[in-house]
Amino acid sequence: MLQLKQFRLLAVFLGLLLMAPDLMAQEDTGSSPQERRYVCITMVTQVLRCGYLIDDNGREITLETPEIGVIILPKSDVISIQDAPIGARSQSMNPSSQRAQQSILNPDRAPQSSRYFFAPSALPMEQEEGYAHLNPLLLNVTGQVTENLMLGGALSWIGFGATMKASAKLSDEVYASVGAMGLVGFYDLGPTFFPFVNLTRGNQNNHQSIAFAALNFDGQVSPMINFSACKEINPRVWLITENYYFADPMLFSEQLLISVGGRWWKNNKNRLGEFALMMMITEDGEAIPIPWFGATWPF
């Protein structure tokens, strides 16, 4: 009799032991980081809170942040909730960086797609958006003043002037634009004029452009063909190539200029960084490497 009772107890124990993993799995449903949404929440205080979304009861949002753990946010103080790459960090935002940050969290928008390193694409920005860009050649500040027209000012080592680009959407993911950069020369140099027409196919994150232009510098004219492309690697990194063929070299007997590099978003700086390795091929076949650095502040 005692043996039968011991057998029953052993059977119950084994049964509970076999059921334990299922009970634990039921208790943990939804608690795994892979099963939870990682979001960034924009607050009315211009603070971006990022983390795993634990709960949203309509009045309060519970968020597990990587910086300080679980926090509770009043729903009335929330401007927007957007999915974000796992690991995105909370930060304070000023008005000029908010648009760029929201663009990064939006998979359909890049914070800077209207140009490559130097060459423009045919893509416009949203109206009233803009950017400041600094590279070894010039400083440029540009804004989208209407739906199709972009205007800016430029300052370089050889002069100062203005930029213009008018864009049109031809069909789904096909854009065309015409524009120019004009500079008044320093040091008794003549004016520089750089008109172009181009065609871009793709979206804000992945696109290719072909352009026809003519560099008019100090009384000389050099027609050229440009091919550029941008490829999104992740929501904060883009691979870029920009290449030129000069029909009539004028400065360094350059026949071909090719480049490969990237652009990335820096959360702590609220800006985009750029780096590329350019290779200038002369008419004699000599290859001259040129490093390229740039920074862009969207606003």
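Look above for the structure.
Not measured: the values here are computed from a predicted model. (Residues numbered from 1 in each chain as written. Predicted model: local features only at pLDDT ≥ 70, side-chain atom pairs only at ≥ 80, totals over all residues. Heavy atoms only, no water.)

Bringing the nonpolar core into the picture now. Nonpolar side chains in soluble globular proteins tend to end up buried together. Formed by 26 residues in total, the largest nonpolar core has its most connected members in Phe117, Phe194, Met224, Tyr244 and Leu257. Where this core is concerned, the elements lending two or more residues are strand S11 (174-185), strand S12 (192-202), strand S13 (207-217), strand S14 (220-234), strand S15 (237-246), strand S16 (254-266) and strand S17 (271-282). Ignoring sequence-local partners within four residues, the contact set of Met224 consists of Phe194, Ala211, Phe212, Ala213, Leu215, Tyr244, Tyr245 and Phe246. Among the nonpolar cores identified, the runner-up in size contains nine residues, and Ile61, Leu63, Ile71 and Leu73 belong to it. (Core = buried A, V, L, I, M, F, W, Y, C linked by side-chain atoms within 4.5 Å. Buried < 20%, exposed > 50% of the residue type's maximum accessible area, 1.4 Å probe, protein only. Helix = DSSP H or I, 4+ residues; strand = E, 2+ residues; numbered from the N terminus. Contact = heavy atoms within 4.5 Å.)

A word on the environment of Ile54. For Ile54, the location among the structural elements is in strand S2 (residues 47-56). Its relative accessible area of 39% is what places Ile54 among the partly exposed residues. Separated by 16 residues in the primary sequence, Ile54 and Tyr38 have C-alpha atoms spaced 9.5 Å apart. Beyond its immediate chain neighbours, meaning those up to four positions away, Ile54 contacts Arg36, Thr62, Leu63 and Glu64.

Looking now at the sheet that holds S12. Around the barrel, which closes on itself, the twelve strands sit in the order S7-S8-S9-S10-S11-S12-S13-S14-S15-S16-S17-S18 with antiparallel pairing between neighbours. On average, each strand axis in the sheet is inclined to that of its neighbour by 20 degrees, with strand direction left out of account. In this structure, S13 lies alongside S14, joined through eleven bridges in antiparallel fashion. Paired with Ala213 across the strands is Met224, a residue of S14. (Pairing = 2+ DSSP bridges. Axes fitted to C-alpha atoms, helices over the stretch in contact; angles between N-to-C directions.)

This part is about a negative patch on the surface. Where like charges cluster on the molecular surface, the negative patch consists of Asp248, Glu283, Asp284 and Glu286. Among the residues examined, Asp248 registers a relative accessible area of 41% and is labelled partly exposed. (Patch = residues over 30% accessible without salt bridge, like charges linked within 9 Å, V, L, I, M, F, W, Y side chains within 5 Å. Areas by Shrake-Rupley, 256 points an atom, 1.4 Å probe, with all protein chains shown as cover. Salt bridge = Lys/Arg side-chain N within 4 Å of Asp/Glu carboxyl O. Lys, Arg positive; Asp, Glu negative; His and termini not counted. Charge placed at Lys NZ, Arg CZ, Asp CG, Glu CD.)

Glancing now at the state of the cysteines. Inspection of every chain in the model, using the stated rule, returns one disulfide. Disulfide partner of Cys40: Cys50, at an S-S distance of 2.0 Å. Given an S-S torsion of about 105 degrees, the disulfide between Cys40 and Cys50 has right-handed geometry. Of this pair, Cys40 sits in strand S1 (residues 38-43) while Cys50 sits in strand S2, placing them ten residues apart in sequence. The buried category is assigned to Cys50, whose relative accessible area is 0%. (Disulfide = S-S within 2.5 Å.)

That is the geometry; function is a separate question.
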